[in-house]
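# Examination of the molecular architecture
Take a look at the letters that make up each chain.
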Amino acid sequence: MDGFEDFLRPPRVEQLREAATDGPVVIVNVSRWRCDALIVRAGEDVADVELDALTLDRAVERVNAYLDVLHEDQAAYLALLDARERREDGQLSRDEFLGAATKYEQVRTATETHLTGLLAWLWDVIAEPVLDALGPASPEGGELPRLWWCPTGPLTLLPLHAAGRHDVPGAAVFDRVVSSYTPTLRALLESRTRSTSAPATGLQESLVAVALGETPGQPMLPNVDREIAVLHRLLPDRLEVLSGSGATVAAVLDAMAARRWAHFSCHGDQNLADPSQGGLLLYDDLLSITAITARQYHGDFAFLSACKTATGGVSLPDEAITLAAALHYTGYNHVIATLWSVWDPSAVEVTEAVYEEIVADGMLHPGRSARALHHAVARLRERNLDRPGVWTPFIHIGP
């Protein structure tokens, strides 16, 4: 029957290759038998790069250690916030507060050391072999080429886009390509189709911003007001802000369904043992991945700021479903997110730089978001080569 030739069949390779229209997609497969990077290019046979130095056991070991470090780092930061509050209330002496601050600095130093080693390992076992197989980059007009990472299994939690020996010029992914992620080839193909289609009827070309500097039961997010000020300046006539008691689950879902763009300045949570229960921590309740995926959106762009989307415990599933991937699956073509909680003012710097580049003439242009994020993070990286925790978390998902 016409139109049903592929009914209930897996998508054909010829179809999936079209996902790589604007640049190669690299699927990194890990298994107990062997590990490979499959390089998908439009109109070409799929190329295989055997990753001899990578094993499933080693990948799981690295991911578990990485999650442990992030968990300890966040716990130390929350302890510092608690100590600061108790100091202001007179419940803690100056020396006790300084002890908590010293402890946090020690943990931060250990975190940066661990991340530096992890990024070098990712470069050696995955990124460098892949980029060497792709051949030398030939930037057009001074711009680096695009590349999409499609990791699988435990690798979905690791920052492949930031892999590198950053003390060696040119020995980093950042120096060779502009990285994006895709959960699957089909997801990238569908988002390309959506991004070139006519906007859904009745959808407003405006941005809803969820702004929760203070959330019941959660630590303060001190930079939320600064982010919202940036949005007010750049999109004064196309912005709705939901804050305080107005940022409820029902209100946010309704606003997301009515607008093409969304920005979330709030806490998020990720539950690796039960991924569907991760989500956004709003004023009245958790907006879970389950609730988000129960609807279909027609959004062009979502920015998850200060939301952890891939941290959790050490018991890993075969695949990790993140909040960012859930938003992408349900209709948001471009998603910018963070791999873990970002407390530093650098989050505001990146947010402002991205919006400065993608907003023009009062309109938001999501198609520029991948390069805008790369440019913003590259500037941050230049100043913090020895502190990868400052710039590594930011990622782009989409075409």
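Just so we're clear, the structure is a prediction, and the values are computed from it rather than from any experiment.

### A word on helix α10 (residues 346-358)
- For α10, with 13 residues, the first-to-last C-alpha span of 18 Å sits near the 18 Å given by 1.5 Å per residue.
- Within α10, burial applies to Ser-346, Ala-347, Val-348, Val-350, Thr-351, Ala-353, Val-354, Tyr-355 and Ile-358.

### Structural notes on empty space enclosed by the protein
- Scanning all chains against the criterion turns up two cavities of 30 Å³ or more.
- Computed from the structure, the largest cavity encloses a volume of approximately 120 Å³.
- In terms of lining residues, the largest cavity is bounded by 13 residues, among which His-161, Phe-174, Ser-179, His-374 and Phe-394 are the most central.
- Broken down by secondary-structure element, the contributors of at least two residues to the lining of the largest cavity are α4 (173-176), β5 (178-181), α11 (369-383) and β16 (394-397).
- When residues of the lining of the largest cavity are assigned to their parent elements, the largest contribution, four residues, is made by α11.
- Partitioned by chemical class, the residues of the lining of the largest cavity number nine nonpolar, four polar and no charged.

### A short note on a nonpolar patch on the surface
- A cluster of nonpolar side chains, contributed by Met-1, Phe-4, Phe-7 and Leu-8, occupies part of the molecular surface with about 590 Å² of accessible area.
- With respect to the secondary-structure elements, Phe-7 resides in the segment before α1 (13-16).

### Concerning the side chain of Ser-265
- With respect to the secondary-structure elements, Ser-265 resides in strand β8 (residues 259-265).
- A relative accessible area of 1% means that Ser-265 is categorised as buried.
- Excluding anything up to four places from it in sequence, Ser-265 contacts Val-210, Ala-211, Leu-212, Val-224, Glu-227 and Ser-305.

### Section: the nonpolar core
- Core analysis: the biggest nonpolar cluster contains 103 residues, and Leu-54, Ile-126, Trp-149, Phe-264 and Tyr-355 have the highest contact counts within it.
- Examining the composition of this core, we find that eleven residues originate from one element, helix α3 (residues 94-134), more than from any other.
- In this structure, Val-25, Cys-150, Leu-185 and Leu-188 belong to the second largest nonpolar core, which totals ten residues.

### Structural notes on the confidence of the model for the protein
- Per-residue confidence for the protein averages 87 on the pLDDT scale, and 91% of its residues sit at or above 70.
- Note that pLDDT drops below 50 for residues 310-317; the model gives that stretch 26 contacts with residues more than four away or on any other chain.

### Description of the sheet that holds strand β11 (residues 286-288)
- Reading across the sheet, the three strands line up as β9-β10-β11 and stay open at both edges, with antiparallel pairing between neighbours. The outermost strands of the open sheet, each flanked by one partner alone, are β9 (267-269) and β11. If you compare each strand with its neighbour and ignore which way they point, the axes differ by 25° on average.
- The sheet contact formed by β9 and strand β10 (residues 279-281) spans three bridges and is antiparallel. Within the sheet, the bridge partner assigned to Gly-268 lies in β10 and is Leu-280.

Cut-offs applied
- Residues numbered from 1 in each chain as written.
- Predicted model: local features only at pLDDT ≥ 70, side-chain atom pairs only at ≥ 80, totals over all residues.
- Heavy atoms only, no water.
- Helix = DSSP H or I, 4+ residues; strand = E, 2+ residues; numbered from the N terminus.
- Expected span 1.5 Å × (residues − 1).
- Buried < 20%, exposed > 50% of the residue type's maximum accessible area, 1.4 Å probe, protein only.
- 1 Å grid on protein atoms, 1.4 Å probe; cavity = no way out; pocket = protein on both sides within 12 Å on 5 of 7 lines; lining within 4 Å.
- Points joined across faces, edges and corners; volume = space filled by probe spheres on them.
- Nonpolar A, V, L, I, M, F, W, Y, C, P; charged D, E, K, R; others polar.
- Patch = residues over 30% accessible without salt bridge, like charges linked within 9 Å, V, L, I, M, F, W, Y side chains within 5 Å.
- Areas by Shrake-Rupley, 256 points an atom, 1.4 Å probe, with all protein chains shown as cover.
- Salt bridge = Lys/Arg side-chain N within 4 Å of Asp/Glu carboxyl O.
- Contact = heavy atoms within 4.5 Å.
- Core = buried A, V, L, I, M, F, W, Y, C linked by side-chain atoms within 4.5 Å.
- pLDDT = per-residue confidence, 0-100.
- Pairing = 2+ DSSP bridges.
- Axes fitted to C-alpha atoms, helices over the stretch in contact; angles between N-to-C directions.

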